[in-house]
Amino acid sequence: MPMNLMHRKICSSEKWARTTKELLLPWALEGVRLGDDVLEIGPGFGANLRELVERVERLTAVEIDDDSARLLTERWGERARIVHADGAAMPLPDTAFDSVVCFSMLHHVPTAAQQDRIFAEAHRVLRPGGIFAGSDSRSSLGFRLLHIRDTMNVLDPATLPARLRAAGFTDVSVTTHPERDTLRFRATRP
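These numbers come from a predicted model, not from an experiment.

Undergrad: Whenever I open this one, the side chain of S104 confuses me. Can you help?
TA: Here S104 is to be found in the loop between strand 4 (97-103) and helix 5 (112-125). The contact partners of S104, leaving out residues within four places of it in the chain, are W16, L24, S135 and D136.

Undergrad: Could you clarify how one ought to interpret the pattern of salt bridges in this entry?
TA: Side chains that carry opposite charge are capable of pairing whenever their charged atoms lie near each other. Counted under the stated rule, the structure contains 11 salt bridges. Of the charged contacts, one joins D67 and R70 as a salt bridge, the two residues approaching to 3.6 Å between their closest N and O atoms. Placement of both D67 and R70 in helix 4 (residues 66-76) is noted, with a separation of 3 residues, approximately one turn of the helix. A relative accessible area of 46% means that D67 is categorised as partly exposed. Overall, the relative accessible area of 42% leaves R70 in the partly exposed class. Salt-bridge contacts for R127 lead to D98; the nearest nitrogen and oxygen are separated by 2.7 Å. Residue R127 is found in strand 5 (residues 126-137), and its partner D98 is found in strand 4; the two are separated by 29 residues along the sequence. Residue R127 is classed as partly exposed on the basis of its relative accessible area of 27%.

Undergrad: Honestly, the nonpolar core in this entry has me stumped. Any pointers?
TA: Here is a general trend for soluble globular proteins: nonpolar side chains tend to be buried in one another's company. Within the largest apolar cluster, 30 residues are counted, with the highest numbers of intra-cluster contacts made by L39, I41, V100, F132, L164 and F169. Breaking this core down by element, the ones donating at least two residues are strand 1 (37-41), strand 4, helix 5, strand 5, helix 7 (160-166) and strand 7 (182-188). A per-element tally of this core places helix 5 first, with 4 residues. Those residues within four positions of V100 in sequence are excluded, and the remaining contacts are L39, I41, A122, V125, L126, I131, F132 and A133.

Undergrad: I would appreciate a short explanation of helix 2 (residues 14-28) in the present structure.
TA: For an α-helix the count is 3.6 residues per turn, leaving residues at separations of three or four pointing the same way. Helix length check: helix 2 (15 residues) gives 19 Å between terminal C-alpha atoms against 21 Å at 1.5 Å per residue, within 8%. Along helix 2, the helix axis deviates most sharply at T20, where the bend reaches about 45°. In this structure, the buried side of helix 2 is in contact with helix 3 (49-55), strand 4, strand 5, strand 6 (170-176) and strand 7.

Undergrad: So what exactly am I meant to see when it comes to the pairing of strand 2 (residues 58-63) here?
TA: Working note: regular strand, side chains alternate between the two faces of the sheet. Of all the 6 residues making up strand 2, 5 are buried; the element is thus mostly covered by neighbouring parts of the structure. Of the strand pairs in this sheet, strand 1 and strand 2 are connected by 5 bridges, and their pairing is parallel. Note that in strand 2 the partner of I41 across the bridge is V62. Each parallel crossover has a hand, and for strand 1 linked through helix 3 to strand 2 it is right-handed.

Undergrad: Explain helix 4 here, please?
TA: Inspection of helix 4 places S68, A69, L72 and W76 among the buried residues, and these make up the whole buried set. Projected onto a plane normal to the axis of helix 4, the buried residues spread over an arc of 100° and lie on a single side. Residues of helix 4 that are exposed and angled more than 90 degrees away from the buried face: D66 and E74.

Undergrad: Teacher, can you tell me more about the packing of aromatic side chains here?
TA: How two aromatic rings sit relative to each other is given by the distance of their centres and the angle of their planes. All chains considered together, the criterion is met by 3 aromatic pairs. A ring pair is formed by F132 and F169, whose centres lie 5.5 Å apart and whose planes are at 20°; its orientation type is stacked. Of this pair, F132 sits in strand 5 while F169 sits in the loop between helix 7 and strand 6, and the two are 37 residues apart along the sequence. Comparing F132 with F169, the two get one shared label, buried.

Undergrad: I tried to follow unusual backbone geometry on my own but got confused; where do I start?
TA: What is expected of a backbone is that most residues other than glycine have negative phi and most peptide bonds are trans. One non-glycine residue with positive phi stands out, namely T95, at about 45°. Summarising the element assignment, T95 is placed in the loop between strand 3 (81-84) and strand 4. Residue classification places T95 among the partly exposed positions, given a relative accessible area of 33%. Positioned with a positive phi, S104 is a non-glycine residue whose angle comes to about 50°.

Scoring rules and cut-offs
- Residues numbered from 1 in each chain as written.
- Predicted model: local features only at pLDDT ≥ 70, side-chain atom pairs only at ≥ 80, totals over all residues.
- Heavy atoms only, no water.
- Helix = DSSP H or I, 4+ residues; strand = E, 2+ residues; numbered from the N terminus.
- Contact = heavy atoms within 4.5 Å.
- Salt bridge = Lys/Arg side-chain N within 4 Å of Asp/Glu carboxyl O.
- Buried < 20%, exposed > 50% of the residue type's maximum accessible area, 1.4 Å probe, protein only.
- Core = buried A, V, L, I, M, F, W, Y, C linked by side-chain atoms within 4.5 Å.
- Expected span 1.5 Å × (residues − 1).
- Bend = angle between axes of the 7 residues up to and from the residue.
- Pairing = 2+ DSSP bridges.
- Right-handed = clockwise from strand over helix to strand, strands pointing away.
- Arc of directions from axis to C-beta.
- Phe/Tyr/Trp six-rings, centres within 6.5 Å; stacked < 30°, edge-to-face > 60°.

In structure tokens form, the structure reads like this:
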């Protein structure tokens, strides 16, 4: 996992899980109808997954990191399908999901080209009319310090809409949070 020790400690903490539950997910998914079949790309330590599993009928999670995928399977494998794979090349069928989500993980993808492949894969596995939604952090001094010796490739809210449209999405919106260094996005597969 492209995270330093301090970053892993924070993201695996109960404090981060509460932040996810109380702040991140409510804002990121405000007004989003997830549907019955949901895919989360990059659940990491599972803070978002443990909330999503309570909200949807069927949850699949694709995690690239071996250890994280194993831990997620041990903890959530009876309630969610955990797939150890790269979100840029998912071994999942076309048009299988009502929605695809990802939270606070795209900045861990080393290149824009790899992020674009994740966007294309999200589009491929979505059913027509399905939504791709999520959130990610924006750069700040504290965020840069947390990412010393860590992968940090933040999304630019000015260019993200065009990148999502290039992946085939329509009805694209990108919003920055007025008080936190966070952005959220929504895009629809036509």
